[in-house]
Amino acid sequence: MAGNAGADRETRPREPPRPPDVRPPPVTTLAAGRRDSGEPVVSGAHVLSDRRGVWAFALGCVAVTAGVLLHLPMFWMGRAVGFRLAGMPMDAGMLAGMGLIVGGIGVAAYGLLPRSIAAQARTAARISVHAPEDAPLGAAHWQLMAVLVVALVIDVMKPAALGFTMPGMVAEYAVPKRTASLVPFAALVGTVTGSVLWGLFADIYGRKASILLSAVVFVGTSICGAMPSLAWNVGMCFIMGAGAGGMLPVTYALLAETMPSRHRGWALVLVGGLGAVGGYFAASGCSAWLVPIFSWRVLWLANLPTGLILILMGGLIPESAKFLLARGRREEARAVMARFGTRSYALGEREDDAFDLLDHPLEHRGPRPSLWTGGLVGRTVALSTAAVSWGLVNFGLLLWLPGALVEQGYSMGVSSWLLARSSLIAVPTVFICAWLYSRWSTRRALLAAIAVMLAGLVWVLLLETHWHGSPVYPVALLIVGSNGLLAILLPYAAESYPLRVRGRATGWVAACTKAGGVAAQSLSIAALVPALGTSALLISVPALLAFVLVARFGTETRGLDLRVLERRTPAAGTVAGEPGG
């Protein structure tokens, strides 16, 4: 494989054989209802330009925030009894607050909605925006990466907090674990729903506006911290999951458009990895610091300040140049492209966008290969198994860990500090993962992440059965391996498939990560969760299988031009002459 990859690097074209900055086809000037003449439609690249109304978005944000604040008196009244609110009746203020939250989210969504969506969608399908391969990284790229890392930390800490709330919910609501497990199960189903919805929202609203709308949802779901019944928590956690589920794909799509292709892979790995590790550290740190004082409920109430921070950060997130061009806002698009060194050109009638890694149209003309035909089926099974293994670890074992440590005699505060230390140890390794992915080998970097996760599983098994000691280091290996695996898996999947199935392939792999979590939480609901050591042993089986399958069917994508991959893949799905390693 090394020889072929090297040949590809020597022969592949460095730029598409077309002018670097061809104007897209004429776009309807949506605000005025006429053909675009090339003149600027609006001045200033503001996210609320050409939307239904700034006033509506602002009013929605105020309404949602006010609705949350109306729940805080109920929470504070419980301070004398350790903030235990189970069974308390909901007062008129709380009911009014819930109405404000539901209505406020709807009004904010309306305010962000662009005009003339159908014309926008038709135009966007014929536009490609990308950065030249050898373009240097500038301050704008680094700032965008830093902002998106913070956004992902805020996003990931929502589902990561589930494990730290479970012992408190079981104790306060006096329900068995299987009943309380409905909360993470609903959140996980919500993330699946959100992954689909937010992909659609990103096309309609634009990347930046979809992130802002997700933040508004986060603010609203903070009322989980004041809910007096478990049923309300189940419903609100579904909404929270729906808000969190689409953030990673939207972030990846924005990075894929703005980063030079030479730097795109490691940038996706670095941002995704830091966001995942940072989110788990934020959740465990808040649990260690605040839960002993304010109970488990404070982890949900933290959605209020973090969601507002994400809204305020919106000014640092650029809008997609492709979205701006599709809206006829050319001057703003040119300003964004000049800032990031990207270029645009019009796609031909039957031409697809080879540079669109993660946000590709679902429908294509002409024959296309299938994920399950010769040449691709082994790769699909390998990546699917790796994704399911990640879901079992992240939405199973890591969510069960806080409760298991409490059962072993650790306090919730001590358990949270142990897990926070583990996640802190994992932070530097994210940079190693990004370096390995870009400089060493994409396939071997994925294998290394699976191997580290496997080592963590084996160590947890030994700790439970033969050894005795601190869980910090085995849990650190689990966090390092699982987050490295997630950070690498989606970019690797996007680079491993030909253009006509790339969108479906990445969507399928992403869905498999959720499938592992659904399976794990289904065991919780059925009260069939085995002991921690046994769980580690059982999860090791698909993880080991994933390692073997990736070693056998994984392909090396480092330095491989995606257009070369397309030419080497016949429509029937057989990859001619493709080596396995």
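Everything here concerns the structure above.
Bear in mind the structure is a predicted one, so any value in this text is a computation, not a measurement.

### Quick look at unusual backbone geometry
Argument step 1. If you check the backbone angles, Ala 174 has positive phi at about 55° while not being a glycine.
Argument step 2. Mapped onto the fold, Ala 174 is located in the loop between α7 (162-173) and α8 (177-180).
Argument step 3. Unlike most non-glycine residues, Ser 295 shows phi in positive territory, near 75°.
Argument step 4. With respect to the helices and strands, Ser 295 occurs in the loop between α13 (261-294) and α14 (298-301).
Argument step 5. Residue Ser 295 is classed as buried on the basis of its relative accessible area of 12%.

### Observations regarding the packing of aromatic side chains
Argument step 1. Overall, the coordinates contain seven aromatic pairs when judged by the stated rule.
Argument step 2. Ring centres of Trp 142 and Trp 266 lie 5.9 Å apart, and the angle between their planes is 40°; this geometry places the pair in the tilted category. You can see Trp 142 sitting in helix α6 (residues 139-160) and its partner Trp 266 sitting in helix α13, a full 124 residues away along the chain.
Argument step 3. Taking relative accessible area as the criterion, Trp 142 reaches 44% and is therefore assigned partly exposed.
Argument step 4. Of the aromatic side chains, those joined through ring pairs into one cluster are Phe 75, Trp 76, Phe 83 and Phe 294.

### Some words on α6
Argument step 1. Helix length check: α6, at 22 residues, gives a terminal C-alpha distance of 31 Å against a target of 32 Å (1.5 Å per residue), a fit within 8%.
Argument step 2. A large share of α6 lies buried, amounting to 16 of its 22 residues.

### Considerations on the packing of α6 against helix α11 (residues 230-245)
Argument step 1. Interaxial distance between α6 and α11 falls to 9 Å at its minimum, and their mutual angle equals 145°. Considering how the two elements wind past one another, α6 and α11 form a crossing that is left-handed. The segment α6 lies against α11, with Asp 155, Lys 158 and Pro 159 engaging Met 240, Gly 243 and Ala 244.
Argument step 2. When its residues are assigned to classes, the contact of α6 with α11 shows three nonpolar, one polar and two charged.

### Let's talk about the state of the cysteines
Argument step 1. By the definition in use, this model includes zero disulfides.
Argument step 2. No disulfide involves Cys 224; its nearest neighbouring cysteine sulfur is the one of Cys 237, lying 4.3 Å away.
Argument step 3. Residue classification places Cys 224 among the buried positions, given a relative accessible area of 1%.

What counts and how
- Residues numbered from 1 in each chain as written.
- Predicted model: local features only at pLDDT ≥ 70, side-chain atom pairs only at ≥ 80, totals over all residues.
- Heavy atoms only, no water.
- Helix = DSSP H or I, 4+ residues; strand = E, 2+ residues; numbered from the N terminus.
- Buried < 20%, exposed > 50% of the residue type's maximum accessible area, 1.4 Å probe, protein only.
- Phe/Tyr/Trp six-rings, centres within 6.5 Å; stacked < 30°, edge-to-face > 60°.
- Expected span 1.5 Å × (residues − 1).
- Axes fitted to C-alpha atoms, helices over the stretch in contact; angles between N-to-C directions.
- Left-handed = near helix turned anticlockwise from the far one by under 90°.
- Contact = heavy atoms within 4.5 Å.
- Nonpolar A, V, L, I, M, F, W, Y, C, P; charged D, E, K, R; others polar.
- Disulfide = S-S within 2.5 Å.

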